[in-house]
Amino acid sequence: MLKPIQGVYSAPRPHWVGDGFPVRSLFSYGDHGAQLSPFLLLDYAGPAQFPPSDRPRGVGVHPHRGFETVTIVYDGEVAHRDSTGAGGTISPGDVQWMTAASGILHEEFHSPAFTQRGGQLEMVQLWVNLPARSKMEAPGYQNILDAQIPGVDLPEGAGRVRVIAGAYRGHAGPARTHTPMDVWDVRLNQGKTARLPLIKGHTAALVVLAGTVLVNGEAVAREAQLVQFQRDGDALEIEANTDAKLLFLGGEPIEEPVVGHGPFVMNTREEIVQAFHDFQSGRFGRLAAPA
C-alpha cells in the first residue's frame, strides 16, 4: 500500500543564514514539520553563485544543544570547526553528521579554496531530534565521505539511491543514528518510475531539489517543494517528468514533547532555560583559534 500524501508544501522566500547561506526552510518543528519526527527542520541553501573573495563567507561561532545537524553538500565546499576539536571540509557528495547533544559550539564557512575561486553552492542542512535519553550525552561528529556512501541502482535504469542513513534493499548507510531512520539521496532519470519500499508507521517526506516528479500517481512536486506522507502504507511511487534530484527522509517517530528556542531543542521549557544558562556560563567549551 502506498503511503497516503498528507500535503505538498512550497518553500517560503529565501533568507540568509550568516552571509554565506541563502536558504529556503522547507519545514520546521513549529509548522507542518511537527508531524515529521524525528526530523525537526530542513534548510535548502542555494543553488547560489558566489564570486571569488578574499574573505570567507558563512556563519560564525554559535551553540546547539539537544539534536543533530546533518549537512549534505551537492556543490561547493563548506569548512566546519567545533568545540570538540573536530572539523574538516565538506565537499560535493560528502555529509557531516554533527551530534550537538549536551552542547557544542561550531562555525561553518565556505572553504578557503571555494572562497578564492568562487562558484556555485548547493547544500541541505537537516536538524534531527534526539530522544530525551540522549540529549545530554557527550557531543560527537561523523565526517562521511562520498566514497563511504553506498549507491544502489534502481530497477530498469530508473536512477540511483545513495544510502546516507538507514538501509535500502539490504544496503546500509554509514551514518550512526540514535533512533531508526532513512536518509537517501535519490536521483531519477527523465521518464522513469521508481517504487521505494518504506516502513509502515514511520514518518516519511520527499524533498524535491531539482526537476519535476509525479508522486503516487496523484501529486506533482517541483523544485524546493516538500511532499509529506501519512504514516500508514509501506511504499511510495515516483515518476520523473524531468531528471530529478530528491532527498527522502523516513524515520521512527520520537513520541516526546518538543520545546525549542533558537539553537536549542529540548523537552521542557526549564531545560531550555538551563541550556541558555550553561551556554552563557561557558559550559559548551570553546573553539581554538584557527591554525
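Each remark here, short or long, concerns the structure printed above.
What you see is a predicted model; the values in this text were computed from it and never measured. (Residues numbered from 1 in each chain as written. Predicted model: local features only at pLDDT ≥ 70, side-chain atom pairs only at ≥ 80, totals over all residues. Heavy atoms only, no water.)

## Thoughts on the overall build of the chain
- Each helix and strand in the chain was counted, giving two helices and 26 strands.
- Viewed in the frame of its principal axes, the chain has a C-alpha envelope of about 55 × 45 × 35 Å.
- Expressed as a percentage of the 291 residues in the chain, the buried residues total 54%.
- Taken as two groups, the 24 positive and 31 negative side-chain charges of the chain have centres that lie 2 Å from each other. (Helix = DSSP H or I, 4+ residues; strand = E, 2+ residues; numbered from the N terminus. Buried < 20%, exposed > 50% of the residue type's maximum accessible area, 1.4 Å probe, protein only. Lys, Arg positive; Asp, Glu negative; His and termini not counted. Charge placed at Lys NZ, Arg CZ, Asp CG, Glu CD.)

## Topic: helix α2 (residues 269-280)
- A rise of 1.5 Å per residue sets the reference length of α2, with its twelve residues, at 16 Å; its end C-alpha atoms lie 17 Å apart and thus fit the reference within 8%.
- Those residues of α2 that fall on the buried side of the exposure criterion are Ile272, Ala275 and Asp278. Down the axis, α2 shows its buried residues gathered within 125° of arc, on one side only. For α2, the exposed residues lying more than 90 degrees away from the buried face are Glu270, Val273 and Gln280.
- Of the surrounding elements, those touching the buried residues of α2 are β25 (259-261) and β26 (264-266).
- Looking one or two residues beyond α2, the residue adopting positive phi is Gly282, at roughly 85°. (Expected span 1.5 Å × (residues − 1). Arc of directions from axis to C-beta. Contact = heavy atoms within 4.5 Å.)

## Some remarks on the sheet that holds strand β20 (residues 213-215)
- Here we have four strands laid out as an open sheet, ordered β18-β23-β20-β21, and antiparallel in their pairing. On the outer flanks of this sheet lie β18 (193-197) and β21 (219-221), each paired with one strand and no other. Neighbouring strand axes in the sheet, compared pairwise and without regard to direction, differ in orientation by 25° on average.
- Relative to strand β23 (residues 235-240), β18 runs antiparallel, the two being bridged by five bridges. Counterpart to Arg195 in the pairing with β23 is Glu237. (Pairing = 2+ DSSP bridges. Axes fitted to C-alpha atoms, helices over the stretch in contact; angles between N-to-C directions.)

## As for the pairing of strand β17 (residues 181-188)
- Within β17, seven of the eight residues are buried, leaving the element largely enclosed by the surrounding structure.
- Bridging between strand β14 (residues 159-165) and β17 involves six bridges; their strand directions are antiparallel. Considered in β17, the bridge of Ala165 is made with Val183.
- As paired elements, β17 and strand β24 (residues 244-251) share eight bridges and run antiparallel to each other. Its bridge partner being in β24, Val186 is matched across the sheet by Leu246.

## Comments concerning the packing of aromatic side chains
- Overall, the coordinates contain seven aromatic pairs when judged by the stated rule.
- Geometrically, the ring pair formed by Phe264 and Phe276 is edge-to-face, given 4.8 Å between the ring centres and 85° between the ring planes. With Phe264 in strand β26 and Phe276 in helix α2, this pair connects stretches of sequence that are twelve residues apart.
- Through pairs of rings, three or more aromatic residues link up here, namely Phe264, Phe276, Phe279 and Phe284. (Phe/Tyr/Trp six-rings, centres within 6.5 Å; stacked < 30°, edge-to-face > 60°.)

## Remarks on the side chain of Arg24
- Tracing the backbone through its elements, the reader meets Arg24 in strand β3 (residues 21-28).
- Classification of Arg24 as buried rests on a relative accessible area of 17%.
- Within the structure, Arg24 has its side chain in polar contact with the backbone oxygen of Gly46 (distance 2.9 Å).
- Apart from the residues lying within four places of it in its own chain, the contact partners of Arg24 are Ala11, Pro12, Pro14, Leu42, Asp43, Tyr44, Gly46, Pro47, Glu223 and Ala224. (Polar contact = N/O pair within 3.5 Å; in protein donor to acceptor, adjacent residues only side chain to side chain.)

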